[in-house]
Amino acid sequence: NAGDDVLFTVAATGSVPLGYQWYFNQTNLIAGATNSSLVLTNVQATDAGSYLARVSNAFGAVPSQPANLTIFSAPEIITQPVDQIVPAGETATFMVSALGYPALAYQWWFNETNLLADETKAALSIPNAQNEQAATTAVSATADVNGMKC
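Draft legend 1. Representation of the environment of T9. Within the secondary structure layout, T9 lies in strand β1 (residues 6-9). The class of T9 is exposed, set by a relative accessible area of 55%. Here the alpha-carbon distance between T9 and I78, two residues 69 residues apart in the chain, equals 35 Å. Setting aside its immediate chain neighbours within four residues, T9 contacts W22, S36 and S37.

Here's what the structure looks like:
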């Protein structure tokens with residue numbers, strides 16, 4: 001979960017002394033990460049990816065298998081839908097931008113309480129808009145984490 005601490009460890013054998021260097025996403029060296037364990041504190045979505053250790057001694061070096069870190073995070077709306085004024089008969093388009101993991105599900109609402117069936121994407125288009133469709137639209141973004149909606 002976002003905000004948690006994570007511990008990665010690698011076990012290696014060989015002629016001592018053994019050296020360790022951790023990498024993020026295969027090639028990005030993590031400065032100061034030179035122990036057999038790597039501690040990440042307060043992980044965020046930007047920390048998601050693969051981690052591996054390169055173990056070395058006087059005779060050579062070998063990388064570990066990568067371990068993947070997935071961060072579960074509550075949905076957060078980044079860009080809110082914007083009010084639309086369109087002439088009758090034109091198309092009104094509303095868009096929302098949200099972040100969260102796992103993948104988000106969207107649901108649009110008319111007058112904030114009437115569910116718009118099948119309107120489950122980040123964009124809502126109302127073609128041939130008419131005066132009676134003038135209202136407040138709202139959208140919710142949810143993520144399903146182990147059977148729990150958030």
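Draft legend 2. Seen up close, the nonpolar core. Within the largest apolar cluster, 16 residues are counted, with the highest numbers of intra-cluster contacts made by F8, W22, I30, L38, L40, Y51 and L69. Elements that contribute at least two residues to this core include exactly β1, β2 (19-24), β4 (37-40) and β5 (49-57). Sequence-distant contacts of I30, defined by excluding residues within four places in its chain, comprise Q21, W22, Y23, F24, L38 and Y51. Ranked by size, the runner-up nonpolar core spans 13 residues in total, among them A92, F94, W108 and A129.

Draft legend 3. Geometry of the packing of aromatic side chains. By the definition in use, this model includes four aromatic pairs. Between F8 and Y51, the aromatic rings sit 5.1 Å apart at their centres with planes inclined by 25°, giving stacked as the arrangement. With F8 in strand β1 and Y51 in strand β5, the pair connects residues that are 43 residues apart, well separated along the chain. In this pair, the class of F8 matches that of Y51, namely buried. Linked through ring pairs, F8, W22, F24 and Y51 together constitute an aromatic cluster.

What counts and how
- Sequence positions are assigned chain by chain, starting from 1 and proceeding in written order.
- Given that the model is predicted, a residue must reach a pLDDT of at least 70 before its local features are reported, and side-chain atom pairs must reach 80 or more before they are shown or counted; all residues, however, enter totals for whole chains, interfaces and linings.
- Hydrogens and waters are ignored; side-chain quantities use all the structure's heavy atoms.
- Starting at the N terminus, helices and strands are each numbered in turn, a helix being any DSSP run of H or I of at least four residues and a strand any DSSP run of E of at least two.
- Three labels apply to residues, based on accessible area from a 1.4 Å probe with only protein chains included: buried if under 20% of the type maximum, exposed if over 50%, partly exposed otherwise in between.
- By definition in these notes, contact holds between two residues if any of their heavy atoms fall within 4.5 Å.
- We call a set of buried residues a nonpolar core when its members are Ala, Val, Leu, Ile, Met, Phe, Trp, Tyr or Cys and they connect through side-chain atoms within 4.5 Å of each other.
- Pairing of aromatic side chains requires ring centres within 6.5 Å, counting the rings of Phe and Tyr and the six-membered ring of Trp. Pairs whose planes differ by under 30 degrees are stacked, by over 60 edge-to-face, and all others tilted.

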